[in-house]
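Structural description and commentary
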Amino acid sequence: MVKFASFILMLALITSCGGGGSEDKIPEKPAPILVTAGVDQTINENTSLSISGAASGGVGEYAYAWTADATLTIEHENTTSADAVLSVPSVTALTNYTVSLTVTDEEGKTGKNQFTLTVEPINLLPDAIIEVSQMTDYGDNKFPVGSLVNLDASTSFDEDAPSDMPQIAAYSWQQTAGTLVLSSSELTQSTLQFTTPVSDQEETITVAVMVTDQEGASSQATVDIILLGQASTIPDLAVGTDVSVFTGERIALSAVASSKAPRAAPFSVTWQSSVNNEGSVARIGASDQFNTYAEAPLVSQTQSMQMVATIKDSFGNMRSSAVSVMVEPQTNVSMNDTGVTAYATNNTVLASYQSDYAGQDADFGNDRMALSGVADKTGRGAGGFDFTRLNENGDQVDNTALPWRCVRDNITGLVWEAKTLNDVNDIHHADHVYTWFQSEDNGNVAGELNTGAASCSVSNGQCNTEDFLNEVNSIGLCGFFDWRIPTHQELQSIVHYGKTTPPLADTDYFPFSGDSGSFPLWYWTNESSADGVSDSGAFNAWALDFKSGVDNFLNKSTMARVRLVRAGRVVIDE
Amino acid sequence: MSILFKRVFWVVCWAILAVVSQFVYAESTCPDGLENTIPDEDLVEYEGGEILHVPSNLVFMRCTIGQQWDGDTCIGDAEPYSWQQALALSVGYQFNEKNSWRLPNVKELAVIVERACVRPSISEDSFPKTPADDFWTSTPSMLDEQRAWSLTFTNGSSAIKAKDRDIFVRLVRTRLPNEPIE
């Protein structure tokens, strides 16, 4: 009886419920699809995991969709199957991810389930590497005394470092064997510097670096460094910069030896010249001197040569270094050198080379080329001067026994009047003096005609430069009728600054009378002076004193000598 | 009356301007009636601050040592040296990719003197900002062992000076056959 009653009640309840819904026309809410995504699990970083799932309660075929944190990669090719492959990234600590599976059936009903995936970091140890900056001239990892050693651990690496952080988090250097050398070094940088001690004994030390990665794991590398003793330290040598020079000229050679080893001194040196392509060598002034010179050989074409210095220290260690010298053949020279072949210091003048005063006049030019035996002279003459005597007809008489009236300068091409000494009435006599007078090109002051003093042999008695010039050109000298007063530069060309006693000219060609020793030997130029000019013009003209070598501008009324000149640079073919 | 006054006013203005500009630029003085001793065609500009003096075949630095060539003129201050210092700096001097520079001798330095002008007695187009003052030559005096030859670009005169005096330096080199002459 009771059983029956409860059956009736149940029936009534079911009927009322179902009947009530259908009667109100409200759409049925679809029953959810039951989804199983899987159980929570733990896997290692950088690994893959096959995942699958199950669904029930839907209609027809299911479509499966996996979702997870973007750093996880899901390969899910066939969405009608729950099978997929999930890849996890590297992590530095235990990391939880939620992996969800959503399933949809043909009627659009969905179901969802998820599981927790815990990724565990698996750390690889960093690799420690030490690179040694090697020194040339010494073996691997060998260093002489007093040298700076550079060790570099910056190429150490960590294979599984996170991409957004430095691979190595920390460096720690220490010395594990040998006499301590790191006392003043910075020990926590990627590089290590230290200076080797000065010692007589060779010693091997060991230096280690500990590198730590971002996950706290460490590795160590070590290197053996051999500290050489003083006796194994090769000396240093500096020889200066490369230079260019002309044949026959001298260039300074300077070798500076040094060593980090205090007992390496004293040093010795040997200079040697290379042999050039023409088979010649430069002559070295004193090959055992640190400061000396090289004299460029005669060359017909430009030659590159090496001056090699080899030094040796007290232990017998040697080092060589070369300075390159470009030797040029003598170029077309149209200027006279000065005549100076002696070497000066600050307070003396000497015949020998002075290395502390390298680069002075005596090292260069025609005079040096003549002394070096490479000058190509047409005639003769002191030092680099190149003169030829001419007789009254203009013929060469290069013989001092014969009278000569003119001197040809084979370098400048100028032909000079030779002054005479014997006949005071000769118009060319050395002691005749003249005032300066020029009708033209005179700075608006023609000068002084000088009708007074009988100091010359000009026939009209007017002892001035222009009347003298006109008379010589009317008579002719050495067959020439085109004489003129020299310019400053022309007159200076025959000054012989190398003479130690006046007059400062090559007196084998330009004799001066002997009685002018105590007076200046002023010779006129044709150039008025621009200095000290008044409103009405230039009252002074340039003159050169062959007693002292100085030039000055003298008032045009001054009585001074004159040496006529003609021609100029010409090609002399003999 | 007022037109005349205006004309006088302008003439006076121009005259003042002319005098002032002379003073500001301190150009060398070249008196009337003197021909240049160096024709323009004798000086040939090389790139990088060098000038070839054609007749002598010598190439000079356009600037005094201490100054720098800026492509247009010389800037900075010329620096004076003793004779020994001048020699020492000339040895191995590198400039404009040339290494044959040397101190000119007394005849060489004289070739760039423009004797038609004073203060300075040199072409200011070719050798801008040249001090109108003493320059060393490489030539020592044989007659006075304490002294060496110098040349002043005040007026172009050469004279011997005590070697411990600090004066200016301009270096020279010889033109090589492969370098242009125009």
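Residues numbered from 1 in each chain as written. Chains lettered and ligands numbered in written order. Predicted model: local features only at pLDDT ≥ 70, side-chain atom pairs only at ≥ 80, totals over all residues. Heavy atoms only, no water.

An unreviewed UniProt entry lists chain B under the name Lcl C-terminal domain-containing protein, with Agaribacter marinus given as the organism.

As named in an unreviewed UniProt entry, chain A is Lcl C-terminal domain-containing protein, taken from Agaribacter marinus.

**Concerning the overall build of chain A**
Across its full length, chain A holds four helices and 34 strands. The C-alpha atoms of chain A give a radius of gyration of 52 Å, which is well past the 25 Å a tight globule of 574 residues would have. Counting only C-alpha atoms, chain A reaches 185 × 75 × 45 Å along its principal axes. A total of 574 residues make up chain A; the buried ones form 46% of that total. For chain A, the accessible area works out to roughly 27200 Å², and carbon and sulfur atoms hold 50% of it. Of note, chain A has its 27 positive side-chain charges centred 9 Å away from the centre of its 71 negative side-chain charges. (Helix = DSSP H or I, 4+ residues; strand = E, 2+ residues; numbered from the N terminus. Rg over C-alpha atoms; globule rule 2.2 N^0.38 Å. Buried < 20%, exposed > 50% of the residue type's maximum accessible area, 1.4 Å probe, protein only. Areas by Shrake-Rupley, 256 points an atom, 1.4 Å probe, with all protein chains shown as cover. Lys, Arg positive; Asp, Glu negative; His and termini not counted. Charge placed at Lys NZ, Arg CZ, Asp CG, Glu CD.)

**Comments concerning the overall build of chain B**
Looking only at helices and strands, chain B has three helices and nine strands in total. Across chain B, helices and strands are ordered from the amino to the carboxyl terminus as α-β-β-β-β-β-α-α-β-β-β-β. Taking all 182 residues of chain B together, 53% fall into the buried category. Sequence separation of 24 or more characterises 63% of the internal contacts of chain B that already satisfy a separation of 6 or more. (Contact = heavy atoms within 4.5 Å.)

**What about the interface of chain A and chain B?**
If you look at the interface, chain A gives 59 residues, while chain B gives 48 residues. For the pair chain A and chain B, the two sides together bury roughly 4200 Å², of which 58% comes from carbon and sulfur. A salt bridge links R119(B) to D531(A); its shortest N-O distance comes to 3.0 Å. Scanning the region where chain A abuts chain B turns up 23 residue pairs in polar contact (both at pLDDT 80 or more). Secondary-structure elements contributing two or more residues to the side of chain A that touches chain B are β18 (243-246), α4 (488-493), β31 (522-528) and β33 (551-555) of chain A. It is α4(A) that contributes the most residues to the side of chain A that touches chain B, four residues altogether. (Buried area = accessible area lost by both parts, 1.4 Å probe. Salt bridge = Lys/Arg side-chain N within 4 Å of Asp/Glu carboxyl O. Polar contact = N/O pair within 3.5 Å; in protein donor to acceptor, adjacent residues only side chain to side chain.)

**Section: the UniProt feature "domain: Lcl C-terminal" (unreviewed entry) in chain B**
Residues annotated in UniProt with the feature "domain: Lcl C-terminal" (unreviewed entry) correspond here to residues 56-173 of chain B. Secondary structure over residues 56-173 of chain B splits into 11% helix and 24% strand, and the C-alpha atoms at its two ends are 11 Å apart. (UniProt positions renumbered as here; feature names shortened; annotations may be inferred.)

**Regarding the domain arrangement of chain A**
Accessible area lost during the coming together of the parts is what is often quoted as the interface size. Split into domains, chain A comes out as domain 1 (34-120), domain 2 (131-232), domain 3 (239-376) and domain 4 (377-574). Once you take the C-alpha centre of each, domain 1 of chain A and domain 4 of chain A turn out to be 116 Å apart. (Domains from an automatic or database assignment.)

**As for helix α3 (residues 465-475) of chain A**
Residue and element names in this part refer to chain A. Every buried residue of α3 is listed here: T465, D467, F468, L469, E471, V472 and N473. Where the residues of α3 are buried, they touch β30 (414-417) and β31. If you check the start of α3, you find a side-chain oxygen 3.0 Å away from the backbone N of E466, and it comes from N464. Phi turns positive one or two residues past the end of α3, at G476, with a value near 90 degrees.

**Quick look at the side chain of S138(B)**
Note on placement: S138(B) falls in strand β6 (residues 134-140). S138(B) gets classed as buried once you look at its relative accessible area, which sits at 2%. The residues touching S138(B), leaving out its near neighbours within four places in the chain, are G359(A), Q360(A), D361(A), W83(B), L103(B), P104(B) and N105(B).

**Observations regarding the nonpolar core**
By size, the foremost hydrophobic cluster in this structure holds 48 residues, and its most contacted members are F510(A), F546(A), W83(B), L103(B) and L171(B). Contributions of two or more residues to this core are made by β30 of chain A together with β1 (43-46), β3 (58-61), α2 (83-90) and β7 (147-152) of chain B. For this core, the domains that each give at least three residues are domain 3 (239-376) and domain 4 (377-574) of chain A. Residues within four places of L171(B) in sequence aside, it is in contact with V59(B), F60(B), M61(B), I65(B), L89(B), S90(B), Y93(B), W101(B), R102(B), L103(B) and P104(B). Grouped together as the second largest cluster of nonpolar side chains are 24 residues, W436(A), V472(A), A560(A) and V562(A) included. (Core = buried A, V, L, I, M, F, W, Y, C linked by side-chain atoms within 4.5 Å.)

**Describing the environment of S232(A)**
All names here are of chain A. Checked against the element boundaries, S232 lands in the loop between β16 (218-227) and β17 (236-238). On the basis of relative accessible area, S232 is assigned to the partly exposed category, the value being 33%. In sequence terms S232 and D69 are 163 residues apart; their C-alpha atoms lie 65 Å from each other. Look past the residues within four positions of S232 in its chain and what remains in contact with it is Y138 and N317.

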